[in-house]
Amino acid sequence: MARFHSSSVHVFGFLFFTLVSVSTNPSLRVSASSYLDGFSITDFDSDDFLFRQDYSPPAPPPPPPHAPSVSCTDDLGGVGSLDSTCKIVADLNVTRDVYIAGKGNFYILPEVRFHCPSPGCSITVNISGNFSLGENSSVVAGTFELEAYNASFGNGTTVNTTGLAGNPPPQTSGTPQGVDGAGGGHGGRGACCLVDEEKLPEDVWGGDAYSWSSLQKPLSYGSRGGSTSKEEDYGGGGGGRVKIDIEELLEVNGSMLADGGDGGSKGGGGSGGSIYIKAHRMTGSGWISACGGDGFAGGGGGRVSVDVFSRHDEPKIFAHGGSSRGCPENAGAAGTLYDAVPRSLIVSNHNKSTDTETLLLEFPYQPQWTNVYIRNYAKAAVPLLWSRVQVQGQISLLFGGSLSFGLAHYASSEFELLAEELLMSDSIIKVYGALRMSVKVFLMWNSKMLIDGGGDAAVATSLLEASKYVVLKESSVIHSNANLGVHGQGLLNLSGPGDMIEAQRLVLSLFYSIHVGHGSVLRGPLENATTDSVTPKLYCELQDCPAELFHPPEDCNVNSSLSFTLQICRVEDIIVGGLIKGSVVHFHRARTISVHSTGTISTSGMGCMGGVGRGNFLSNGIGSGGGHGGKGGLACYNSTCVEGGISYGNADLPCELGSGSGNDTSADSVAGGGIIVMGSMEHPLSSLSVEGFVKADGGSIIDRTQQSFFAVGGSNGTPGGGSGGTVLLFIRTLALSETAVLSSAGGYGSPTGSGGGGGGRIHFHWSDIPTGDVYQPIATVKGGIHARGGSGGDDAGAGENGTVTGKACPRGLYGIFCEECPAGTYKNDMGSDRALCLPCPPEELPHRATYISVRGGVVERPCPYECVSDRYHMPHCYTALEELIYTFGGPWLFGLLLVSLLILLALVLSVARMKFVGVDELPGPAPTQQGSHIDHSFPFLESLNEVLETNRVEESQSHVHRMYFMGPNTFSEPWHLPHTPPEQIKEIVYEGAFNAFVDEINAMAAYHWWEGAIYSILCVFAYPLAWSWQQWRQRIKLQRLHKFVRSEYDHACLRSCRSRALYEGLKVAATSDLMLAYLDFFLGGDEKRNDLPPRLPQRFPLSILFGGNGSYMAPFSVQSDNILTSLMSQLVPPTTWFRLVAGLNAQLRLVCRGRLRVTFRPIIQWLETHANPALRIHGVGIDLAWFQATPCGYCQYGLLVYAVEEDNEPTSIGYTDGAVGTNLLSRVKSSPGGSLIGHTRDDVLLTQGRHINEGYMRRKRGYGGLIDTNSLQMLEEKRDIFYFLSFLVHNTKPVGHQDLVGLVISMLLLGDFTGINALFSHGPRRSASLARFYALWNVTSLINVGVAFLCGYAHYTGQSSPSKRIPNFQPWNMDESEWWIFPAGLVLCKIFQSQLINWHVANLEIQDRSLYSNDFELFWQS
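These remarks concern the structure in this document. (Residues numbered from 1 in each chain as written. Predicted model: local features only at pLDDT ≥ 70, side-chain atom pairs only at ≥ 80, totals over all residues. Heavy atoms only, no water.)

With respect to the overall build of the protein
Moving on, step 1. Along its length, the protein carries 23 helices and 72 strands.
Moving on, step 2. By sequence separation, contacts in the protein at least 24 residues apart represent 65% of the contacts at least 6 residues apart. (Helix = DSSP H or I, 4+ residues; strand = E, 2+ residues; numbered from the N terminus. Contact = heavy atoms within 4.5 Å.)

Printed below as a string of structure tokens:
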């Protein structure tokens, strides 16, 4: 068809569309021909057409003024007046137009019919009041117009203009011509069931659409349908007109119908008419319809316009096409529904499938429409060339809706689509030509956009722009057979399988992020694309790289002159979970690319069919492989071979397409790999992360054809494999996971003897490689990188491997990925070769050192190193001791200086100790530490002793009994008293009150749980602190008991009134070690009892309990206070008793709990050899015994004092010290047998039988049991976890040589504050206490020794191979296998130090060494 070239594009568009309509629709040829006969281009008013851009004729002139109004009563038979209220009370049939006007109300009462059934008959009601159509009433006419203040259409009412249309507007083609039985057209085209194999389904229709320009206020009749017979018109009538103009409220509960008439099975359906409704407010859920009529072919829908400000209910409004009985799948086209308030156009075909279109012509510019909805299988078309579809809001295609631009056979125009949103669901957009779309949001759900460029380079580029986001879901497709650009500023998301964007040349740009989901595709060019003017041309025969590969333009526009077939430009983040495929794929100005495990970026087999390295062929058609990075493989058949394609290109900066088989005219030709470029020289890619595939492999014929197809020999030759393409990466960082593959491999040859393709080229052009201290690895490569050649078939050769290269690395780095040179090497030149990393000289490396890697690699000598262990120190890898040794001239000189310094410091400390403390070793007897406040060893003090003894006797005269507390006063076993009063005090106490007193005392002596908890925690972490904590809490407990008995308790348990009044009669005391406490009972003086208090013989047997518990910190001891001394002085001289107590305490120091069976034996022997022989002459004997076993098994030890009777009368013993020893010795020697040692304790007790009364026997049973050599083995030994430490810290006998011991200790404790403090403390008692406390810390430190053993053993065994053990370079140093020497030496030092402290404590506490004398005479003479 000829084209008209005119200055007015719109004139061309109108004429072009008219001619096409005539040529493609036979039903229009008559009317169109008659119309064109009078058509003249010179007479055409182009300005008027530019304004309207509608091929429908101008609107008819306004109708003439109405005739005078009819009368309510005379003409209508009603009741009332039109100026007040007119009521139609009976059915009314009229045969002509009726005009009703008045100032009142007009009511048609229920069940009343007001009909004018003639086509085109008009009923007009124009009143100032209200209008009402009563229930089940009806109005039938060709036209119904109503103007009123309020209007009400009740339930069951009908305003029906169906099939009663008058003549449609002149010069329209709504009524089809011919006998095809086509439907009439109006808002949509009428359907036509004519089948024409040469035409597309949408190119065949019945009556055409018209009245587009008046769709906002439609007032056109519908058109009549066509007929299938020339003799009789079977077509359905067109729909009439309904116009409702209400000032205030419109209530619609009935039906308003302007449908086309039914054409039956022989005629086409009439098209829908027009309905225009205007009101301020509308309610009700009525039925409004301007649908096409059913028929052999359905009529097109009409036009409905609703201009209602407030719509409280939603009436059902329809304008769909009629059903076609002759072709059920092709109903009439949908009409239009215009909603004036939101300015929305709705095209809906009520789910009736159709091939017939609803025409969308010129869209208004001022004001613009807001929304356009095409849905429910409606098909809309924008037929005018160079049209713009512009709305302010949303264009929505839903539920099978379709929108097409242009004409299928004349794709030579560009169209514009502008909106806020374009939403597509189960719909399709077809573009014949090019589309320039600009929206904010573009969403597709199971939809398609198909762009047919028609092969015209002038209109070959479509641009789709969405400023916010583009989302494709559920197999949505955007397809263009020309150039396509998709631009945006937000997100482009291809969500999943089936989603696709493809074009011959595809450019995606300006998005913030692109997500290609699993199963989705981006492709450019198309698969199996035809060759035309818009198909990309590859530069296969050029060896010069196009400049745009390295320096692409910044604008990211679609440019057909560039070599890219698929470009993603100016996108921040690209996530690939699907497929991106093209011939030349370029990522420009992107930040990150992430290829997931399901993702692929591929140009495999998309390169050149021929090319510079094309393969060659044998005479039988078997071809060799193409070459690129490596030569192609040979092709061989029957010992005849042909060379493969040559190698070409630059390995350091490749940019070439792979070459193919060379027979580009054959259907079996094979192409080489394409090009993948990421980044550019100026804008490298920040990060590339690959878990899937990035491939530019060469093609293989066996990929597309089954091997069984090939015949060996003959003329059915097969080409070789294509060569790999190029992967050029301008990037900063790379991460390839285990599943990643980066490949540019050659294609495979066929089994018939064709050669394999050569490998391609992969190049990493790193940008901004960090060096020095800021170096970070730029590549993490765990996957595969391949540029291998393809294998050949049979005797054919495989292709050579291609190249994998990287940019030259800076100093310190090497390799393709610019890694740090290995430890022990350095590199000071640019380059990537491993040989540039030179070894560091071995003479610069100290022993015990190894070379280390540093960040950024080593760039110069000397190379950095580190010592093999933290105990060695830089720079010579000496230990701290070795550094000190070599600082002072070496090991021998340092050892000499150290010994000299230790001797000097020890001498200084010893002199200072003797000067400030003044402790000298006493050559003779020394005063005892315990048992007396006055020394009885010197005669000149005897007179004072007599005075003090007199006072003690006076104090003891009122003493009745001493009651010992049970328990050791620990957190687990606190002190407590038994509730039963002893026999000795029953006469002086009230038993009930005594029990209450005992309860208070026991409650007060008990400890809180938290005190024991703290003690347990300290026992684990710091045992000396646990001991201090226990002493502190015991001291507080004793003070509380003292205070209670002395001042708080009212002594209510005592019978003595004087004792209760003066708070006397009870006293609480304890030993200095706070382990033993006792309660003394005294007479108040008003008892008037001659038998109280009892004398010492009446108290026998007398129990004296030991203080302490036999531990190192609290050894056993006898606490001889004033009362006990005074009592014993009744039979034993005080000097004898004091000496006895001092000697016994010296022996008890050596008793150790846990070894009582061994350490009590010397005590028993000492009592028999030293104590009892001296006491027996005074009628007294003592034995070792145990007392008061507690429920927990704890028992207390002490002495049992009893009376013995001598054969000779005792002589008077003087109280002078000298006389004591002489008389005592003489009495011992004059005893029968020469000694009392031979008399057993039981014999002595039996000789006193006549002097012991029954009370005595009861008192004897008060103690637990005697301990002698026979019963000693029956003692139960209780040992705790600290038992073994008693072998290190224990009490010993004094060794003398106090200054020598102090000197040695000074040498061992030079840096120990606690030890120095113990040496320099004033007074033996405080010095011994501090020394004992230090001993605990010293033993506790053995834990560190144990840790040292464990760490040393673990370190030694952790050395898995002898190569890891670095030998020492000094012969006097210890070997690694001798790690145990230092901890063992430390143990020996601790043991020796502990023994020295034991001696030091003994020297401080026992200054009279004669207390340990085995000579009886020497002991008592001292």
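Re the pattern of salt bridges
Pairs may arise between side chains of opposite charge once their charged atoms sit close together.
Moving on, step 1. Counted under the stated rule, the structure contains 29 salt bridges.
Moving on, step 2. A salt bridge links Asp 339 to Arg 311; its shortest N-O distance comes to 3.0 Å. Pair noted here: Asp 339 is in strand β20 (residues 336-339) and Arg 311 is in strand β18 (residues 303-311), with a separation of 28 residues, a long-range link.
Moving on, step 3. Notably, a salt bridge pairs Glu 414 with Arg 436, separated by 3.3 Å at the nearest N-O pair. Here Arg 436 lies in strand β31 (residues 434-445) and Glu 414 lies in strand β28 (residues 414-418), a separation of 22 residues in the sequence.
Moving on, step 4. Salt bridges here are not isolated pairs; linked through shared partners, they connect Arg 189, Asp 208 and Glu 357. (Salt bridge = Lys/Arg side-chain N within 4 Å of Asp/Glu carboxyl O.)

Comments concerning a nonpolar patch on the surface
Moving on, step 1. Where nonpolar side chains cluster on the molecular surface, the patch consists of Leu 881, Leu 884, Phe 888, Leu 893, Leu 896 and Leu 897 and spans about 550 Å² of accessible area.
Moving on, step 2. Those elements giving two or more residues to the nonpolar patch turn out to be α4 (880-887) and α5 (891-916).
Moving on, step 3. The biggest single contributor to the nonpolar patch is α5, with three residues.
Moving on, step 4. The exposure class of Leu 897 is partly exposed, given its relative accessible area of 43%. (Patch = residues over 30% accessible without salt bridge, like charges linked within 9 Å, V, L, I, M, F, W, Y side chains within 5 Å. Areas by Shrake-Rupley, 256 points an atom, 1.4 Å probe, with all protein chains shown as cover. Buried < 20%, exposed > 50% of the residue type's maximum accessible area, 1.4 Å probe, protein only.)

With respect to the sheet that holds strand β71 (residues 1196-1203)
Moving on, step 1. Reading across from one edge, β69-β71-β70-β72 is the order of the four strands in this open sheet, with antiparallel pairing throughout. Of all strands in the sheet, those bounded by a partner on one side alone are β69 (1102-1105) and β72 (1265-1266).
Moving on, step 2. Bridging between strand β70 (residues 1180-1187) and β71 involves eight bridges; their strand directions are antiparallel. Across the sheet, the residue bridging to Leu 1184 is Leu 1199, located in β71.
Moving on, step 3. Against the sheet, helix α14 (residues 1156-1176) engages β70 and β71, with an angle of about 160 degrees to β70. (Pairing = 2+ DSSP bridges. Axes fitted to C-alpha atoms, helices over the stretch in contact; angles between N-to-C directions.)

So, the pairing of strand β14 (residues 249-252)
Moving on, step 1. Only one face of β14 is covered, namely the one carrying Leu 250 and Val 252; the face carrying Leu 249 and Glu 251 has none of its residues buried.
Moving on, step 2. The pairing of strand β11 (residues 150-153) with β14 spans three bridges and is parallel. Following the sheet pairing, Ser 152 is matched in β14 by Glu 251.
Moving on, step 3. Bridge analysis of β14 against strand β16 (residues 274-283) gives three bridges, and the strand direction is parallel. What sits directly across from Leu 250, in β16, is Met 282.

A closer look at helix α7 (residues 991-1005)
Moving on, step 1. Compared with an ideal rise of 1.5 Å per residue, which puts 15 residues at 21 Å, α7 spans 21 Å between its outermost C-alpha atoms and is within 8% of the ideal.
Moving on, step 2. The set of residues buried in α7 consists of Phe 994, Phe 997, Val 998, Ile 1001, Asn 1002, Met 1004 and Ala 1005. Seen along its axis, α7 keeps its buried residues to an arc of 160 degrees; they face one direction. The outward face of α7, more than 90 degrees from its buried face, is lined by the exposed residues Gly 992 and Ala 1003.
Moving on, step 3. Elements that come into contact with the buried residues of α7 comprise β66 (959-964), α9 (1023-1048), β67 (1066-1070) and β68 (1077-1082). (Expected span 1.5 Å × (residues − 1). Arc of directions from axis to C-beta.)

Topic: the sheet that holds strand β3 (residues 92-93)
Moving on, step 1. Spatial strand order, β3-β6-β9-β12-β15-β17-β19: seven strands in an open sheet with parallel pairing. Strands at the two margins of the open sheet, each flanked by one partner only, are β3 and β19 (316-318).
Moving on, step 2. As paired elements, strand β17 (residues 287-289) and β19 share three bridges and run parallel to each other. The partner of Trp 287 across the bridge, within β19, is Lys 316.

Brief notes about the side chain of Ser 402
Moving on, step 1. Secondary-structure assignment places Ser 402 in strand β27 (residues 402-405).
Moving on, step 2. Residue Ser 402 is classed as buried on the basis of its relative accessible area of 6%.
Moving on, step 3. Sequence-distant contacts of Ser 402, defined by excluding residues within four places in its chain, comprise Ile 374, Ala 378, Lys 379, Ala 380, Leu 397 and Ile 428.

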